[in-house]
Amino acid sequence: MAQTLLSFICVSFTIFVISTVVESRSRARMYVDSQCKSTRYPDTCVQTLLPYVSKRGLPSPKLQAQISLATCLSKARYMKTYMIMLAKNLNKTSNSGDYQAMAECLQQINDGVKQITQSFKELQQMGKDGDENFMWHESNVQTWVSTALTDATTCVEGILGNGISDSEKATIQARILKVKQLTSNSLALFTHFTTMYRASHGINVP
């Protein structure tokens, strides 16, 4: 009898733990889904934020923007590394025109990485040095991230016809698409954060 009771308690406890974990994950997914509705690429947004929800609880709007922007920066750096490798190969195998086009594109991507890095640092400062500086920081982040996206997109589209194999073109397009999606989502999440912050602190848009 005691053994049966113990077995029942163990099974009941296991079911309770499993149901609690499932319920917690379900709440986390619902929360992330709701936060990502305003983005252009919600599936990418959910994929970006969900791991951090399970590890750190429910991230604030500011932290959501930081996570998205940090992920965007990581992918942009990864793309930069790949483009450097292609540029070296072009320098060895192609004419000077192809290499020059790639070198110019790489410079724009490098500038973009710097701008996204600046944006991330700027976002970290927001709300720490007084509400009077909030909109100045906000404008900087929006300008830098938007410019980084435009520069990278323009230069990559310009080199896809030059001395690059079809597989390399496909890789470039896939990576720039991922960066574009993350950048777009970062701006949407950033806008959500700034809108909520301004409303809660009584900051009026001029």
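Residues numbered from 1 in each chain as written. Predicted model: local features only at pLDDT ≥ 70, side-chain atom pairs only at ≥ 80, totals over all residues. Heavy atoms only, no water.

A.B. asks: Could you clarify how one ought to interpret helix α6 (residues 166–201) in this entry?
C.D. replies: Owing to its 3.6 residues per turn, the α-helix aligns residues three or four sequence positions apart on the same side. Here α6 spans 52 Å end to end across 36 residues, near enough to the 52 Å set by a 1.5 Å rise per residue. Within two residues after α6, G202 carries a phi angle of roughly 65 degrees, on the positive side. (Helix = DSSP H or I, 4+ residues; strand = E, 2+ residues; numbered from the N terminus. Expected span 1.5 Å × (residues − 1).)

A.B. asks: How should I be thinking about the state of the cysteines in this particular structure?
C.D. replies: Between two cysteines, a covalent bond joining their sulfur atoms is known as a disulfide. Tallied over the full model, the rule gives one disulfide. Here C36 is linked by a disulfide to C45, with a sulfur-sulfur distance of 2.0 Å. The sign of the S-S torsion, about -75 degrees, decides the handedness of the disulfide formed by C36 and C45: left-handed. For C36, a relative accessible area of 1% corresponds to the buried category. (Disulfide = S-S within 2.5 Å. Buried < 20%, exposed > 50% of the residue type's maximum accessible area, 1.4 Å probe, protein only.)

A.B. asks: What's the story with empty space enclosed by the protein in this structure? I'm lost.
C.D. replies: Over the atoms rolls a probe the size of a water molecule, and in doing so it shows where empty space is left. Tallied over the full model, the rule gives two cavities of 30 Å³ or more. In this structure, the largest cavity spans a volume of roughly 60 Å³. As for the largest cavity, its lining consists of A76, M79, I109, G112, V113, I116, A148, L149, A152 and V179. Secondary structure elements with two or more residues in the lining of the largest cavity: α3 (61–93), α4 (96–125) and α5 (134–159). Ranked by the residues each element gives to the lining of the largest cavity, the list is headed by α4, at four residues. Partitioned by chemical class, the residues of the lining of the largest cavity number nine nonpolar, one polar and no charged. By volume, the second largest cavity amounts to about 30 Å³. Of all the secondary structure elements, the ones that give two or more residues to the lining of the second largest cavity are α3, α5 and α6. Sort the elements by how many residues they give to the lining of the second largest cavity and α6 lands first, with three residues. (1 Å grid on protein atoms, 1.4 Å probe; cavity = no way out; pocket = protein on both sides within 12 Å on 5 of 7 lines; lining within 4 Å. Points joined across faces, edges and corners; volume = space filled by probe spheres on them. Nonpolar A, V, L, I, M, F, W, Y, C, P; charged D, E, K, R; others polar.)

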